[in-house]
Amino acid sequence: MTSYKTNITRSTTFTLSGFSEREGLKHWLAVLLLLLYAISILGNILILFIIKEEQNLHQTMYYLLSLLSANDLGVSFSTLPTILATLCFHAPETAFHACLTQMFFIHFFSWTKSGILLAMSFNCYMAICHPLRYSTVLTDIRVAHMGISIIIRSFCMVFPLPFPLKRLPFCKTNVLTHSYCLHPDLIRLPCGDTTINSMYGLFIVVSAFGLDSVLIFLSYVLNLRSVLAIAFQEERLKTLNTCVSHICAVLIFYVPMVSVSMVHQFGKHVPEYVHKSMSLVYLFVPPMLNPIIYSINTKEFHKRLCKMLLGPKL
């Protein structure tokens, strides 16, 4: 009885995993991740700076884009400490409460991003399907309310996640699969009943990601119907081009997320480094690509970047 009690203890630290299966590539991977971090952080800061400085970008679409860039910065900064510690400084240990805090912020920013993409799809829907009502419906005040509602929704969904974990004893190995703390990874470790954790995790995935993705899909079905009703092909392409950047942002967010979920559910015999690589793609690629996509597809960003890089005489 005594030995049983001593084995069931609350683990004070977790050990984060790097890519031990590919030891020879660890240094190159660290360099690659640092490069992705630099591109992501600098790119999103640049997007925020340009939107702030350019008066003609003070519009609904760019307000939502600035919220997306700020959220991507949050994703990058929430994973940066443990990624650096694990891959660069060979310090994989993280405290229990620090791990729960990181888990909260990673999932908070992921849920927030889903809500922002839904708001951006509504913006595209209004611009294409109801252009005459656009300025009266999407006022600055309503956009601010949308942003606040997205943040409150994400906070309310993610805030309860750490508490069921804190009540559970950890008697198994405390080694995590990734170089950062995720809820699906953490609920594998307790020796108590994790049914509540699993059910609540499934509930918020379905109610947030599931509902958001369905509404985004429906908005683009309606957009496509409106575009096809336009008589001239040139006008169709011009109208559809207004939402190309958003379509790309949705795809680079949801495709990696669905891929990671599919591999997690059905790829039981897939090597562990594949799981880790796909999770890194899900967390790192969208924040890096979003500034690039919007800089290429938005003339105002393109002009301002050229002016900053090549000088005012361009």
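Residues numbered from 1 in each chain as written. Predicted model: local features only at pLDDT ≥ 70, side-chain atom pairs only at ≥ 80, totals over all residues. Heavy atoms only, no water.

1. Details of the overall build of the chain
Secondary structure assignment for the chain yields 13 helices and two strands. Counted over contacts in the chain with a minimum sequence separation of 6, partners at least 24 positions apart contribute 80%. Taken as a whole, the chain presents about 16700 Å² of accessible surface, with 70% of it coming from carbon and sulfur. (Helix = DSSP H or I, 4+ residues; strand = E, 2+ residues; numbered from the N terminus. Contact = heavy atoms within 4.5 Å. Areas by Shrake-Rupley, 256 points an atom, 1.4 Å probe, with all protein chains shown as cover.)

2. Quick notes on the side chain of Thr82
When you line up the elements, Thr82 lands in helix α3 (residues 60-88). According to the relative accessible area criterion, Thr82 is buried, its value standing at 10%. Once you skip the residues sitting within four places of it in the chain, Thr82 turns out to touch Leu16, Gln102, Ser179 and Tyr180. (Buried < 20%, exposed > 50% of the residue type's maximum accessible area, 1.4 Å probe, protein only.)

3. Concerning the packing of helix α6 (residues 140-158) against helix α9 (residues 195-228)
Viewed as axis vectors pointing N to C, α6 and α9 meet at an angle of 160 degrees, and their least axial separation amounts to 10 Å. Here α6 lies roughly antiparallel to α9, going by the angle between them. Note on packing geometry: the crossing formed by α6 with α9 is left-handed. Contacts between α6 and α9 involve Arg153, Cys156 and Met157 on the former and, on the latter, Tyr200, Ile204, Ser207, Ala208 and Asp212. Its residues placed into classes, the contact of α6 with α9 shows five nonpolar, one polar and two charged. (Axes fitted to C-alpha atoms, helices over the stretch in contact; angles between N-to-C directions. Parallel < 35°, antiparallel > 145°, perpendicular 65-115°, else oblique. Left-handed = near helix turned anticlockwise from the far one by under 90°. Nonpolar A, V, L, I, M, F, W, Y, C, P; charged D, E, K, R; others polar.)

4. Re the pattern of salt bridges
Going through the model one piece at a time under the given rule, you end up with four salt bridges. In this structure, Asp72 engages Lys113 in a salt bridge whose closest nitrogen and oxygen atoms are separated by 3.0 Å. Pair noted here: Asp72 is in helix α3 and Lys113 is in helix α4 (residues 96-129), with a separation of 41 residues, a long-range link. You'll find Asp72 and Lys113 in the same group, each marked buried. Residue Arg153 is joined to Asp212 by a salt bridge in which the shortest nitrogen-to-oxygen separation is 2.8 Å. (Salt bridge = Lys/Arg side-chain N within 4 Å of Asp/Glu carboxyl O.)

5. Focus on the state of the cysteines
By the definition in use, this model includes two disulfides. Note that Cys99 is cross-linked by a disulfide to Cys181, the S-S spacing being 1.9 Å. Measuring the twist about the S-S bond at about -120 degrees, one finds the Cys99-Cys181 disulfide to be left-handed. With Cys99 in helix α4 and Cys181 in the loop between α7 (162-166) and α8 (183-186), the pair connects residues that are 82 residues apart, well separated along the chain. Relative accessible area serves as the criterion here: at 1%, Cys99 is assigned to the buried category. Two residues share a disulfide in this structure: Cys124 and Cys243, whose sulfurs sit 2.4 Å from each other. Its S-S torsion of approximately -130 degrees makes the covalent link between Cys124 and Cys243 left-handed. Residue Cys124 is located in helix α4, and its partner Cys243 is located in the loop between α10 (233-241) and α11 (244-266); the two are separated by 119 residues in the primary sequence. When sorted by exposure, Cys124 lands in the same class as Cys243, which is buried. (Disulfide = S-S within 2.5 Å.)

6. Digging into the packing of aromatic side chains
Across all of its chains, the model carries 15 aromatic pairs by this definition. Judged by centre distance (5.3 Å) and plane angle (65 degrees), the ring pair of Phe108 and Phe109 falls under edge-to-face. When sorted by exposure, Phe108 lands in the same class as Phe109, which is buried. When the centroid spacing of 6.1 Å and the interplanar angle of 35 degrees are considered together, the rings of Tyr200 and Phe203 count as tilted. With Tyr200 and Phe203 both in helix α9 and three residues apart, the pair spans about one turn of that helix. (Phe/Tyr/Trp six-rings, centres within 6.5 Å; stacked < 30°, edge-to-face > 60°.)

7. Some points on a nonpolar patch on the surface
Together, Leu211, Val214, Leu215, Phe217, Leu218 and Val221 give the surface a local cluster of nonpolar side chains, amounting to about 540 Å² of exposed area. The residue Leu218 is located in helix α9 in this model. What makes Leu218 partly exposed here is its relative accessible area of 45%. (Patch = residues over 30% accessible without salt bridge, like charges linked within 9 Å, V, L, I, M, F, W, Y side chains within 5 Å.)

8. Comments concerning the nonpolar core
Counting residues in hydrophobic clusters, the biggest one holds 71 residues, and the most contacted among them are Leu117, Leu186 and Phe301. Secondary structure elements with two or more residues in this core: α2 (26-53), α3, α4, α6, α9, α11, α12 (272-297) and α13 (299-310). With 15 residues, α4 is the single largest residue contributor to this core. (Core = buried A, V, L, I, M, F, W, Y, C linked by side-chain atoms within 4.5 Å.)

9. A few points about α3
One turn of an α-helix holds 3.6 residues; hence residues three or four places apart share an orientation. Between its first and last C-alpha atoms α3 spans 40 Å; for 29 residues at 1.5 Å apiece the expected length is 42 Å, and the two agree. At Leu80, α3 shows its strongest bend, of approximately 40 degrees, with the proline Pro81 following within four residues. Burial analysis of α3 places 21 of its 29 residues in the buried class, the great majority of the element. Of the residues one or two after α3, His90 is the one with positive phi, at around 50 degrees. (Expected span 1.5 Å × (residues − 1). Bend = angle between axes of the 7 residues up to and from the residue.)

Purely geometric stuff here, so don't read any function into it on its own.
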